[in-house]
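A structural walkthrough
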Amino acid sequence: PMAAQSSLPALIRKKRDGQRLEDQEIESFVQGITAGTAQQGQIGAMLMAVRLQGMDAGETLALTRAMAASGQALEWPCGWQGRVADKHSTGGVGDKVSLALAPALAACGCKVPMISGRGLGHTGGTLDKLEAIPGFRVTLSPEEMVAALERVGCCIVGQSEELAPADQVLYGLRDVTATVDSLPLITASILSKKAAEGLSALVLDVKFGRAALFPTLEGARELAQSLVWVGQRLGIRTAAVLSRMDQPLGRCVGNSLEVLEAIECLRGRGPPDLRDLVTSLGGLLLWQCGLAREATEGRGLLAQSLDDGSALGTFEALLGAQGVDPDTAHTLCHGEPPERRRILGEARVQEELLAPRTGWVQQVEALPLAHVLHGLGAGRVRAGDPINPRVGAEVLVEVGQHLREGDPWLRVHRDGTLSEKARGALQAALALGPAPPATPLPQLVAETILP
């Protein structure tokens, strides 16, 4: 309508001057985006006004609602009511939690329609990890999703054009207008997609630390509180955990290697920090879905599904439901490590980096690791860039371990060449000290934010 179009400059002016927008005004702005009547320049100007002037909780809720309503919503059989669950992470280095968590939750009785993203920047995307598995299909129609959830209990798919289309427009523009780091915009982007998923329960993993979206605990807590408040008002039982992201999660970074490590976790093994985060998030969700009396009980049930093979069986069924050949899926889940590695393919070169001097490991920095691997082809600069799933790194040491000069501490998997500069950046990621770290590593999950 002409009226809505002519009022867009007035809305931009209103927000520019620091005034509060009414729900209807926010709705008409989002409708303009979806209908294509709002010009790119106008959308960019509004994004910048919101980034500089902020939005209160009510405005953020209205924006989230309008974005969720911009496309179709998924609908589930009424017998699943209360049990449809998902998690979202703000992205970390080596974060393969979704690959283990979705099947484990399904094995415990949840329905998990996980809609994931691709990696952009230094964090890897869940879809890229799964596509390292030959034959894996990340696009399922809503009908195929229902069938997979009926049969398997979970699916992990890409965002379709129909879900929250307004978010796709805004997401793309936030990147090029330097408005990515706005709390209301982040909140609305995450939750509009989740609201369109028709969820009963949602847990958010908000990372903080040197390799995270937020360097400080305070910044992460502010986003977590915003997400939990808005999520609850959308009718989703919402909780958040604040988890540290200074070191990689687990030992492996890189798509194929992370799939193998997630499978170790699904076999009841693998790195303790990964299992810790998977069971923490899963325990909260089982409690929110009423499948456990409290989060600690949920955590025990989730751990049991990892230990008794039911989560692994569900993962195998998930692979089958999303296009992987049954023999491939079986070998990947139950074969010996060399067979599993053969399926995913290995990089041409596996090079071990050696400790430059003797000392105790204080920590291994995630960010330089991620940047170097990105440069070797593990990530993408632009949406649509191809990536090499075989590129990655395995951390061979633990914090507090004593290393002698010349001991291997990192195994780099690469197809290309590693420049001296890149090798230096990797070596600088290893912090060695003359004595063991005085304080033990702080807890991975620093806080849980409940409504």
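Cut-offs used in this document
- Residues numbered from 1 in each chain as written.
- Predicted model: local features only at pLDDT ≥ 70, side-chain atom pairs only at ≥ 80, totals over all residues.
- Heavy atoms only, no water.
- UniProt positions renumbered as here; feature names shortened; annotations may be inferred.
- Helix = DSSP H or I, 4+ residues; strand = E, 2+ residues; numbered from the N terminus.
- Rg over C-alpha atoms; globule rule 2.2 N^0.38 Å.
- Buried < 20%, exposed > 50% of the residue type's maximum accessible area, 1.4 Å probe, protein only.
- Contact = heavy atoms within 4.5 Å.
- Areas by Shrake-Rupley, 256 points an atom, 1.4 Å probe, with all protein chains shown as cover.
- Lys, Arg positive; Asp, Glu negative; His and termini not counted.
- Charge placed at Lys NZ, Arg CZ, Asp CG, Glu CD.
- Salt bridge = Lys/Arg side-chain N within 4 Å of Asp/Glu carboxyl O.
- Domains from an automatic or database assignment.
- Phe/Tyr/Trp six-rings, centres within 6.5 Å; stacked < 30°, edge-to-face > 60°.
- Axes fitted to C-alpha atoms, helices over the stretch in contact; angles between N-to-C directions.
- Parallel < 35°, antiparallel > 145°, perpendicular 65-115°, else oblique.
- Left-handed = near helix turned anticlockwise from the far one by under 90°.
- Nonpolar A, V, L, I, M, F, W, Y, C, P; charged D, E, K, R; others polar.
- Expected span 1.5 Å × (residues − 1).
- Polar contact = N/O pair within 3.5 Å; in protein donor to acceptor, adjacent residues only side chain to side chain.
- Pairing = 2+ DSSP bridges.
- Core = buried A, V, L, I, M, F, W, Y, C linked by side-chain atoms within 4.5 Å.

The chain appears in an unreviewed UniProt entry as TYPH phosphorylase from Rhinopomastus cyanomelas. Under the Sequence similarities (unreviewed entry) heading, UniProt states for the chain: "Belongs to the thymidine/pyrimidine-nucleoside phosphorylase family." According to UniProt, the comment filed for the chain under the heading Subunit (unreviewed entry) is "Homodimer."

A short note on the overall build of the chain
Within the chain one finds 18 helices and 13 strands. For the chain, the C-alpha radius of gyration of 22 Å lies close to 22 Å, the compact-globule estimate for 451 residues. Along the longest, intermediate and shortest principal axes, the C-alpha atoms of the chain span 70 × 50 × 40 Å. Counting the 451 residues in the chain, one finds 52% classified as buried. Restricting the contact set of the chain to residue pairs at least 6 apart, pairs at least 24 apart contribute 78%. Accessible surface computed for the chain: about 18,600 Å², of which carbon and sulfur atoms make up 52%. For the chain, the distance from the average site of its 43 positive side-chain charges to the average site of its 51 negative ones is 2 Å.

Focus: the pattern of salt bridges
All told, the structure shown has 29 salt bridges when counted by the stated rule. Glutamate 447 is paired through a salt bridge with arginine 221; the nearest N and O atoms lie 2.6 Å apart. In this pair, glutamate 447 is assigned in strand β13 (residues 445-449) and arginine 221 in helix α10 (residues 217-233), connecting sequence segments 226 residues apart. Judged by relative accessible area, arginine 221 falls into the partly exposed class, the value being 23%. Notably, a salt bridge pairs glutamate 264 with arginine 340, separated by 2.9 Å at the nearest N-O pair. Of this pair, glutamate 264 sits in helix α11 (residues 255-266) while arginine 340 sits in helix α16 (residues 337-344), placing them 76 residues apart in sequence. With relative accessibility at 3%, the residue arginine 340 sits in the buried group. One salt-bridge network, in which partners are shared between bridges, spans Glu351, Arg414, Glu420 and Arg423.

What about the domain arrangement of the chain?
When the domains of the chain are assigned, the result is domain 1 (8-54), domain 2 (78-333) and domain 3 (348-433). Inter-centroid distance (C-alpha atoms) of domain 1 to domain 3 is 44 Å.

Some thoughts on the packing of aromatic side chains
By the definition in use, this model includes one aromatic pair. When the centroid spacing of 5.9 Å and the interplanar angle of 25° are considered together, the rings of tryptophan 76 and tryptophan 80 count as stacked. With relative accessibility at 16%, the residue tryptophan 76 sits in the buried group.

Quick word on the packing of helix α5 (residues 97-107) against helix α12 (residues 272-288)
Running from N to C, α5 and α12 cross one another at 40°; their axes reach a closest spacing of 10 Å. For the element pair α5 / α12, the angle class is oblique. Remark: the crossing between α5 and α12 carries right-handed chirality. Facing Val97, Ala100, Leu101 and Leu105 of α5, the residues of α12 in contact are Leu274, Leu277, Val278, Leu281, Gly282, Leu285 and Leu286. In terms of residue class, the contact of α5 with α12 is built from ten nonpolar, one polar and no charged.

So, helix α17 (residues 366-378)
A rise of 1.5 Å per residue sets the reference length of α17, with its 13 residues, at 18 Å; its end C-alpha atoms lie only 14 Å apart and thus fall more than 12% short of the reference. Taken together, the buried positions of α17 are occupied by Ala366, Leu369, Ala370, Val372, Leu373, Leu376 and Ala378.

With respect to the side chain of glutamine 288
Along the chain, glutamine 288 turns up in helix α12. Among the polar contacts made by the side chain of glutamine 288, one reaches the main-chain carbonyl oxygen of leucine 202 at a distance of 3.4 Å. When sequence neighbours within four positions are dropped, the list of residues in contact with glutamine 288 reads Ala201, Leu202, Val203, Arg237, Thr238 and Ala239.

What to know about unusual backbone geometry
Here the phi dihedral of alanine 164 falls at roughly 40°; this positive angle occurs in a residue that is not glycine. As for its placement among the helices and strands, alanine 164 is situated in the loop between β3 (154-158) and α8 (165-176). Here alanine 164 falls in the buried class, since its relative accessible area comes to 0%.

Focus on the sheet that holds strand β11 (residues 408-414)
Within the open sheet, the four strands sit side by side as β6-β9-β11-β7. Their pairing is antiparallel. Pairing within the sheet leaves two strands with one partner each, and these edge strands are β6 (252-253) and β7 (349-354). Bridge count for β7 against β11 is six bridges, and the pairing is antiparallel. Bridge pairing in β11 links glutamate 351 to valine 412.

A short note on the environment of alanine 347
Tracing the backbone through its elements, the reader meets alanine 347 in the loop between α16 and β7. For the pair formed by alanine 347 and valine 391, sequence separation is 44 residues and the distance between their alpha carbons is 6.3 Å. Excluding its chain neighbours within four sequence positions, the residues that come into contact with alanine 347 are Arg390, His413, Arg414 and Asp415.

Here's the deal with the nonpolar core
Soluble globular proteins tend to pack their nonpolar side chains together in the buried interior. Grouped together as the largest cluster of nonpolar side chains are 118 residues, with contacts concentrated most on Ile133, Val206, Val278, Phe315, Leu319, Trp409 and Leu410. By residue number, the principal contributor to this core is α5, which donates eight residues. Each of domain 2 (78-333) and domain 3 (348-433) gives at least three residues to this core. Ignoring any residue separated from it by four or fewer positions in sequence, one finds valine 278 in contact with Val97, Ala100, Leu101, Cys265, Leu302 and Leu306.

With respect to the sheet that holds strand β8 (residues 359-364)
Read across the sheet, three strands follow the order β10-β8-β12 without closing on themselves; strand pairing throughout is antiparallel. Edge positions in the sheet fall to β10 (402-403) and β12 (430-433), since each has one partner strand and no second.

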